[in-house]
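The residues making up each chain are set out below.
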Amino acid sequence: MINKIKVNAFAKNLVILSKPHILFGFAEKPFKFIANTISLSRWISNQDKIEFNDYFTFKRNHSKRYELYQFIHSKFNLEFKDINYYEFGVSGGDSFKWWVNNIKNENSRFFGFDTFEGLPENWGFFKKGDMANLIPTIDDNRTTFVKGLFQETLFDFIDNNNFDKSKPKIIHLDADIFSATLFVLTSIAKHLNKGDILFFDEYNVPNHEYSAFKIFRESFYIDFELIGAVNNYYQVAFMVK
Ligand SMILES: C[S@@+](CC[C@H](N)C(=O)[O-])C[C@H]1O[C@@H](n2cnc3c(N)ncnc32)[C@H](O)[C@@H]1O
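Residues numbered from 1 in each chain as written. Predicted model: local features only at pLDDT ≥ 70, side-chain atom pairs only at ≥ 80, totals over all residues.

Any chance you could explain the domain arrangement of the protein chain here in plain terms?
By a widespread convention, an interface's size corresponds to the accessible area lost as its parts come together. Under the domain assignment used here, the protein chain contains domain 1 (2-34) and domain 2 (47-240). On a C-alpha basis, the centres of domain 1 and domain 2 stand 37 Å from each other. (Domains from an automatic or database assignment.)

Structural data, given as structure tokens:
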């Protein structure tokens, strides 16, 4: 055992000394993408049959996400339930407005977080600053928008007890990028309860929402159940078990 540890340490030191990034640095990004794609593919293959899932479809259509919302809304009788809805990544407010319009309970609250100055980093074909939008105007006093980077606003928001642990929650992760998704998940982890529902809007992007949620689950040992998916797992809903 001791010898094995020594050989292992020696080999590691050799690798570090040889500065592998000089020769193999070009492979870092593609290998990461390949590894995450393999992981995503395995995850998809391991999914049990669920009631609401269009896998596999050749017709990707972003509007199908409203069918997913409607399915979850009906399944859990959400129309008159007192819930809190938190959306991370609001932009023009399309998905946010759907939830405000479809939850009628007057005690429900809707919180939307965004820089409203667009993405803080490049994301695929999108550049930093893309998706900038004015804060949506919604004539409903149950809604609150929190402007700024999640990394700069969420801790204060939580410290002010705005993450009500006593209420059922719907949390919508639609920031697209890995860092934002992982930051939000880890920040809200201890406020999650059994039965809370999480939506992702770009789940099957291997290096971003998929990877962030995988790392989160593996690090926090929180179990989730997949309860709906559309567009080959592009938009998904999970429930905390
Ligand atoms: C795809 S858009 C949201 C779309 C919206 N949910 C809809 O349905 O129309 C992604 C948004 O996430 C926001 N975003 C990404 N990372 C963020 C971060 N770290 N802090 C705050 N906002 C962020 C961007 O500003 C962008 O407006």
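Any chance you could explain the sheet that holds strand β4 (residues 169-173) here in plain terms?
Within a sheet, adjacent strands bond to each other through the backbone by hydrogen bonds, running parallel or antiparallel. The strand order β3-β2-β1-β4-β5-β7-β6 describes an open sheet built from 7 strands, whose pairing is mixed. The open sheet has two free edges, formed respectively by β3 (143-147) and β6 (224-230), since each of these has just one partner strand. Neighbour to neighbour, the strand axes of the sheet diverge by 15° on average, direction disregarded. Where strand β1 (residues 84-88) meets strand β2 (residues 109-114), 5 bridges bridge the pair, whose relative direction is parallel. Along β2, the bridge assignment pairs tyrosine 86 with phenylalanine 111. Contacts between helix α4 (residues 64-75) and the sheet are confined to β5 (197-200), β6 and β7 (235-240), with β6 contributing the most and set at about 135° to the helix. (Pairing = 2+ DSSP bridges. Helix = DSSP H or I, 4+ residues; strand = E, 2+ residues; numbered from the N terminus. Axes fitted to C-alpha atoms, helices over the stretch in contact; angles between N-to-C directions. Contact = placed C-beta atoms within 7 Å.)

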